[in-house]
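Per-entry structural report
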2 protein chains.
Amino acid sequence: MSKKFVYSFKEGRAEMKKLLGGKGANLAEMVHIGLPVPMGFTVTTEACLDYYKQGGKISDEIMAQIFNALEELENQMGKKLGDKNDPLLVSVRSGAVISMPGMMDTILNLGLNDESVKGLAKSTKNERFAYDSYRRFIQMFGDVVLEIEHDKFEQVIDKVKAEKNVDMDTDLDANDWQKVIEQYKEIIKQETGKSFPQEPKEQLVMAIEAVFRSWNNQRAKVYRRINKIPDDLGTAVNVQTMVFGNKGEDSGTGVAFTRNPSTGENKVYGEFLMNAQGEDVVAGIRTPKGITELENVMPEVYKQFINVCETLEKHYKDMQDIEFTIENGKLYMLQTRSGKRTAQAAVKIAVEMVKEGLINKNDALLRVSPDQVVTLLHRRIDPEAEVEVLAKGLPASPGAGSGQVAFDPDESEELGKQGKKVILVRMETTPDDIHGIVMAQGVLTSRGGMTSHAAVVARGMGKPCICGCDAIKIDYEKQEFTVGGKTVKKGDLISIDGSTGQVILGDVPMIEPDLSDEFQELLKWANDVKAIGVRANADAPDDAKTAREFGAEGIGLCRTEHMFMAQDRLPIVQQMILSETLEQREEALAKLLPIQQKDFEGILEAMQGLPVTIRLLDPPLHEFLPNAEELITEIAELKQGNNAKELEEKREMLKKVRALKELNPMLGLRGCRLGLVHPEIYKMQVKAMIKAACSLAKRDIKVKLEIEIPLVGHENELEKLRQLADETAKEIIAQEGVSVDYIIGTMIELPRACLTANEIAKHADFFSFGTNDLTQTTFGFSRDDAEAKFLPYYIDEKILPDNPFAVLDRKGVGSLMKTAVKLGREVKPDLLIGICGEHGGEPSSVEFCHDIGLNFVSCSPYRVPIAILAAAQAQLKNQR
Amino acid sequence: MSKKFVYSFKEGRAEMKKLLGGKGANLAEMVHIGLPVPMGFTVTTEACLDYYKQGGKISDEIMAQIFNALEELENQMGKKLGDKNDPLLVSVRSGAVISMPGMMDTILNLGLNDESVKGLAKSTKNERFAYDSYRRFIQMFGDVVLEIEHDKFEQVIDKVKAEKNVDMDTDLDANDWQKVIEQYKEIIKQETGKSFPQEPKEQLVMAIEAVFRSWNNQRAKVYRRINKIPDDLGTAVNVQTMVFGNKGEDSGTGVAFTRNPSTGENKVYGEFLMNAQGEDVVAGIRTPKGITELENVMPEVYKQFINVCETLEKHYKDMQDIEFTIENGKLYMLQTRSGKRTAQAAVKIAVEMVKEGLINKNDALLRVSPDQVVTLLHRRIDPEAEVEVLAKGLPASPGAGSGQVAFDPDESEELGKQGKKVILVRMETTPDDIHGIVMAQGVLTSRGGMTSHAAVVARGMGKPCICGCDAIKIDYEKQEFTVGGKTVKKGDLISIDGSTGQVILGDVPMIEPDLSDEFQELLKWANDVKAIGVRANADAPDDAKTAREFGAEGIGLCRTEHMFMAQDRLPIVQQMILSETLEQREEALAKLLPIQQKDFEGILEAMQGLPVTIRLLDPPLHEFLPNAEELITEIAELKQGNNAKELEEKREMLKKVRALKELNPMLGLRGCRLGLVHPEIYKMQVKAMIKAACSLAKRDIKVKLEIEIPLVGHENELEKLRQLADETAKEIIAQEGVSVDYIIGTMIELPRACLTANEIAKHADFFSFGTNDLTQTTFGFSRDDAEAKFLPYYIDEKILPDNPFAVLDRKGVGSLMKTAVKLGREVKPDLLIGICGEHGGEPSSVEFCHDIGLNFVSCSPYRVPIAILAAAQAQLKNQR
């Protein structure tokens, strides 16, 4: 038997989406459950692929199946395509597997020709309607199938209206439309060299081919690229009996959602227009009415409509997005599909449907996209607000903020203290600017990437930040920036959206984060289901508190260097770095010790005995020093003056900055390398941690400390530093005379660490994947440089499917992680393994971590709920 | 049966080295083949390890075995230790598995005490000799066993000589020595609180323990660290009957090599001293005589000695380094071992021994260390010359050179043109300095690592270079540098040795590279044996020619960027980089095209149809631009003046330099990323290659072109660029109308490329491992930064066994390479795979490449012979 390329609606079902496309499968499903659907058939996606395989030709076999289906439809309807008396008319619509609204083509009223139009007039007793329908058909056919410019047809109507001296299409009568039709046919003859096809079957085949072709039109291709839809799916084509919402005042058309897609409220939501076709609604000339008003207009139809909605929800067990037409008082369903919804609605609908008994908790968990709920966790710009977007930069830290522009961190601090809202705008930030960032609503920089100083600091503080927005040209001297033609001065109001990267002029309405009761409930269910632990990355007691409130089960990464950046510490840190002798350095470290101890006490206390991983100093030391280029400028200027002392000091500083300068600091003297070359630094940090733990122990506060050694590539590095940490810890514990629970482990963030994880595991109580660095080294990408210079190009051009710093690269980075898990657990079967790179809060990466058997993921406090939901989904997908 | 810890010389054999140490095993072997050896026994290395295991104590079991062996020896010799009439005397010497000359301790004349010394006087009829021997024993015992300062003893002798008013030890008689002995005993009593032990067995045990202890003395530990000898081998102890070379004019002692260890000449080489003990030779008071003179002094003994030499060479099949003593006209052999030799001698001896039928060709190949022959390939400083070393930097490019110091590249060029020899001394070099480097004998920089500009350029040109020599402080203004207390001015003569990193004051005698006939022959044998191909990395026709002369079978890496650096091209390259529009860029590229084409023609022609891999542009573009810091200084200075135009130009340049600046250029916009973002650059390069190939094809010159795409991490990168290259090539070939043989492949230099080699292989005709970059990313080490900041520390502290940029890291980098080979050949079983990182010329890395089945290694032209030899050895080791 030959392959089936055409299915009547009676033959299909919802689960045949891949073959019939979304629209076709759902039309068939509605027929199956007895809803009123105009009959028709679907030409499959496989027919579309075959069309392309044949070089743009429908094979004889498929052609035959189409004509068979048509004949069956004609028999069923008791009408014939092109009939002189009462012709069958059909619509020809695309229907892809994954919905691509508006991207592909549609032809209505097919089957009309110079003869059948008369039949239509006769049978409807409405000549105007018949000729209007015919001209609409020719116009669409000319546009879509014959690819004649749309304007050419519109100009004809304008001319006819002008001749008749009227404004509206409704002012034209049957005669006028006949005139229009004659001129349309003329245009077609001129443009294609052929007459408009009168033979309905020819029309049908040409229309189907045009829909197939529209799969590869420019806008469809772009849409697929943006939405990551594969190019090789093809589209199905639905041929369906026409029903008309424009047959008079007892006809109409509308669209609706079975619940409110914005709030999730369980109430039908939508709009309709009487005596109109779908395109009239789109055209926007007449204002549609709210769906509930239909009850007043046609109470019976409304009742039937509400029943249909309920049936659909019960059947699909989800909120539906539907299209319908009323023809002479009779309701027809033209489309149903799962409705798009806001995050807030998604959560509410899922939770309420569980309560209604429509779905179970697991279904509900799978219904809400973790990516989408991000918006619920941060303040955001009201999507309804009209805003003037000035520029777009990198979305470096999510959330939104408004305030007056300040270019100087001192000024930002000053204004902040006065209670004013400020957005700090800088080319880039340095540790010297921290006090200005602290008091600002958000940060905007014209340079630097997702790991630039501004980005890292802002994320740590939970403040919105946009980086690398190179469209804005900052002039510090004039205290203004220009963008496009606009100039924004110091004190002007702007808003930034760190989730999208948009810089907006003026103040804009914001929506505050919304952890609704339903959301809390959903998270509770997720927590019950998930297998992998969720921790948070937090560097300060406040962050730790936020993390616990969001449901974190521990701190997976506390970065001690962020504590070094604070304004009151930086001078001591610089003193430590610039020390000429070990004695000087130890003196500076002694000053840092009580400060760090206090920090650690705060975090450990906030977590109340939950595990807290504290990482020893990681970044290269020159990150804490002034910028060399600035120093050079200052020196050059000082040379002209008389201040010999200051000149000498600056020269001295420059010398040291240069001595510490590295060509590729990411791969230089940092992490455990620093700890090995300058053991006194790590020693101080371990002392501070253990002293903090001891002090809490004395107050009967539980502590679970995990000391983490970063950037290990060879087991010897860990062995030496573990010994140093262990000895230091034991010494302090002996001094303090209390017992403290601590373990020592390592970040796994270098390919070599993964490849030799069996050796490294011998010296580690735990592993934590640092997938930011691991991605950098596996790809050989410096994140800052890549995101600024070529990653956007790579993603646009589909060279890479995703930004690997956002979505974990399973084939490369993931393969190394799998190796590390395998080798590590060969040596220690119960080895605790987590991930603390930014991927720890990205849903598909969380799923991967679940799949390869990690014990926990750790992410920014604000992403903890996302990770919890993603973890639950991973577990459920695994079970299914 | 209990374990055997003590072996008599009759029981041992040469192959028991691990147990008996080198000296003990060879003494036993000599006994076995019937040579005259004073009898004795060896306490094993296992006994030493047991001594440490017991916490520094010889176990009863071992003690019993020692005394048994001693008894046996006494029986055999018919003498007893400590005998009053004719006592047995023994030496106690260390003997490690791997020779550590002078590092551990020796005690002679053991067995003497207040009684047996009289017996010795009696039996030798030489009272002076007896008491001299006794005082020597006490002195050594005091020093070595009792750890009393050596000087204390020497002062006694000086005092006695002063009292007697004589100068020489030989002026002291038996009475004097007796006085000395009394005072020695007094010193021991004072220093240790105990009397000098009179019981010979106690002396023996204490001496053996002292030798065991000396395994862990400071100088032995340092020696092992430097020479990478494991710490856990332990030393054996040899207890041997004393023979005396100082018993009169018919006695003597000497050392000799069976062939000349410096030239390899097949003639006994060595020296001897009559009436002397070994320590007298070392003391250097009397001048030893050449070994051949022994024929005149004692013709019979000499004849016997020559026979022994021949026997030893025939038996060991290698040149021997021997020690002997003549006692009253009788020859005794005290040691034999394989002799250390220069590279030149190693080659000559190996080849001649094959001709003499002593060994076969394969043996000969295994006899010559590839590391050692490096010295034969470069001009070097005469090792005999006395030199004043000013400082030591990184040995960045091997070879040696002398010349007058020039700080300015223009001056270097000028002097070079005048035929003068110049060493260019700079803080660091940039592309602007190339013309000065070209005309210099060598380059010395105070900053930068093994991959700095100076290093890379000098290696490419085969010129000596020392980098990162931060001990020298350069003052450009004064045109001088200071180092230690010394000042070296412009025009002063210095010499540099780029193989060792030594900077030397003045001109010094040099040895020219020496590719002797024997070396050529050895290489021929190596070529016959080896399985893996050896290619060279060459960027210019001259290099290619050198490579072929050295035996390269192709070019494995031609770096096109080095061509960009030449002085006549750099301005065009800068123009290309700074172009504002694609048109401007293409204009600059059009100028570069004919230049690159000429370069490629030269190299392809030089290789006459052997394969030539040409890599498309790899480094980040800003490497070709001026330095930002210098620009800033210039701008600051210009601000003070009136030249507004120049100021504007510099500002413009700085803006562009900044726009191209990257935080981690090693991981930034370079390699194929550059080729994807700016396809016009790669297009020009492919055009130039194919045009070059076509032009040669027209002249009937064979060409085998391999186009290489660098830094691929994802198959899509290669797929796109392969297509670009293929299309460009086909276009040119069609234009030129000749057929050209080319293939397209990729560098494998990122972890992700290794992990997804199966996907990448689909688009590659060949792989070439770039192990420099692969090592950088696998370890997360920036080579420049690591070598400057922490790698030396890591190697000193044994955190890493070797510099992974010199010796391939098998566990990390090697494991990725194995994965890549396996995955690549799963897709394409015959995939051509090579290596072109610097490891390609390092012997142990070559062995690894052979073992994992690579098709070729590629290295600097001057390392080709080394690689050939290493490749042959790998093959032979594999067969054995």
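The following refers to the structure shown. A quick note: this is a predicted structure, and the numbers were derived from the prediction, not measured. (Residues numbered from 1 in each chain as written. Chains lettered and ligands numbered in written order. Predicted model: local features only at pLDDT ≥ 70, side-chain atom pairs only at ≥ 80, totals over all residues. Heavy atoms only, no water.)

1. Things to note about the environment of Pro541 of chain B
Residue and element names in this part refer to chain B. Topologically, Pro541 is positioned in helix H20 (residues 541-549). Under the relative-accessibility criterion, Pro541 is labelled partly exposed at 29%. With 73 residues separating them in the primary sequence, Pro541 and Ile614 have C-alpha atoms 13 Å apart. Setting aside anything within four residues of it in sequence, one finds Pro541 in contact with Asp599, Gly602, Ile603 and Ala606. (Helix = DSSP H or I, 4+ residues; strand = E, 2+ residues; numbered from the N terminus. Buried < 20%, exposed > 50% of the residue type's maximum accessible area, 1.4 Å probe, protein only. Contact = heavy atoms within 4.5 Å.)

2. Section: the environment of Leu366 of chain A
The topology assignment puts Leu366 of chain A in helix H14 (residues 361-367). What makes Leu366 of chain A partly exposed here is its relative accessible area of 28%.

3. A look at the sheet that holds strand E10 (residues 330-338) of chain A
All names here are of chain A. If you walk across this open sheet you meet the five strands as E8-E7-E6-E9-E10, and the pairing is antiparallel. Either end of the sheet is taken by a strand with one partner, and the two such strands are strand E8 (289-290) and E10. Here strand E6 (residues 252-257) pairs with strand E7 (residues 269-274) via six bridges, running antiparallel. Within the sheet, the bridge partner assigned to Gly254 lies in E7 and is Phe272. (Pairing = 2+ DSSP bridges.)

4. Some words on the environment of Leu27 of chain B
Residue and element names in this part refer to chain B. Looking at the element boundaries, Leu27 is found in helix H1 (residues 17-32). The spacing of Leu27 and Phe9 is 18 residues in sequence and 6.6 Å in space, taken between C-alpha atoms. For Leu27, the contacting residues outside a window of four places in its chain are Phe9, Val37, Gln240, Met333, Leu334 and Gln335.

5. Let's talk about the interface of chain A and chain B
With 57 residues of chain A at the contact, the number on the chain B side is 56 residues. For the pairing of chain A and chain B, the buried interface totals around 5,100 Å² over both sides, and the portion due to carbon and sulfur atoms is 55%. Counting across the chain A and chain B interface gives ten salt bridges. With a closest N to O distance of 2.4 Å, Lys811 of chain B and Glu759 of chain A form a salt bridge. Counting residues per element, the side of chain A that touches chain B draws most heavily on helix H24 (residues 628-640) of chain A, at eight residues. Here the residues of the side of chain A that touches chain B are counted per class, giving 25 nonpolar, 13 polar and 19 charged. (Buried area = accessible area lost by both parts, 1.4 Å probe. Salt bridge = Lys/Arg side-chain N within 4 Å of Asp/Glu carboxyl O. Nonpolar A, V, L, I, M, F, W, Y, C, P; charged D, E, K, R; others polar.)

6. Comments concerning the relation of the copies chain A and chain B
Mapping between the two copies of the chain is achieved by a rotation about an axis and a shift along the axis. Superposing chain A onto chain B requires a rotation of 179° together with a translation of 0.3 Å along the rotation axis, leaving an RMSD of 0.2 Å. Such a combination of rotation and displacement between the chain copies is what one expects of a two-fold axis. Relative to the rotation axis, the C-alpha of Asn664 of chain A is the closest in chain A, positioned 2.1 Å from it. Most of the interface of chain A is mirrored in chain B, where 98% of its interface residues again form contacts. (Least-squares fit on C-alpha atoms with pLDDT ≥ 70 in both.)

7. Details of the state of the cysteines
Residue and element names in this part refer to chain B. Enumeration according to the criterion identifies zero disulfides over all chains in this entry. Unpaired in terms of disulfides, Cys672 finds its nearest cysteine sulfur in Cys754, a separation of 14 Å. The exposure class assigned to Cys672 is buried, which follows from its relative accessible area of 0%. (Disulfide = S-S within 2.5 Å.)

8. Some remarks on helix H12 (residues 299-316) of chain B
Helical geometry note: an α-helix holds 3.6 residues per turn, so side chains three or four residues apart project in the same direction. Residues and elements named next belong to chain B. Helix length check: H12 (18 residues) gives 26 Å between terminal C-alpha atoms against 26 Å at 1.5 Å per residue, within 8%. Listing the buried residues of H12 in full gives Val301, Tyr302, Phe305, Ile306, Val308, Cys309, Leu312, Glu313 and Tyr316. Seen along its axis, H12 keeps its buried residues to an arc of 155°; they face one direction. In H12, the exposed residues that point more than 90 degrees away from the buried face are Glu300, Lys303 and Lys314. Directly after H12, the chain includes Lys317, whose backbone phi takes a positive value near 55°. (Expected span 1.5 Å × (residues − 1). Arc of directions from axis to C-beta.)

9. Considering the sheet that holds strand E14 (residues 400-406) of chain A
All names here are of chain A. With mixed pairing, eight strands are arranged side by side in an open sheet as E12-E22-E21-E14-E15-E16-E17-E13. Both edges of this open sheet fall to strand E12 (389-392) and strand E13 (394-397), since each of them pairs with a single strand only. If you compare each strand with its neighbour and ignore which way they point, the axes differ by 30° on average. Pairing geometry for E14 and strand E15 (residues 422-426), over three bridges, is parallel. Looking at E15, one finds that Val405 is bridged to Ile423. The strands that helix H16 (residues 409-417) touches are E14 and E15; relative to E15, the one it contacts most, it runs at about 175°. (Axes fitted to C-alpha atoms, helices over the stretch in contact; angles between N-to-C directions.)

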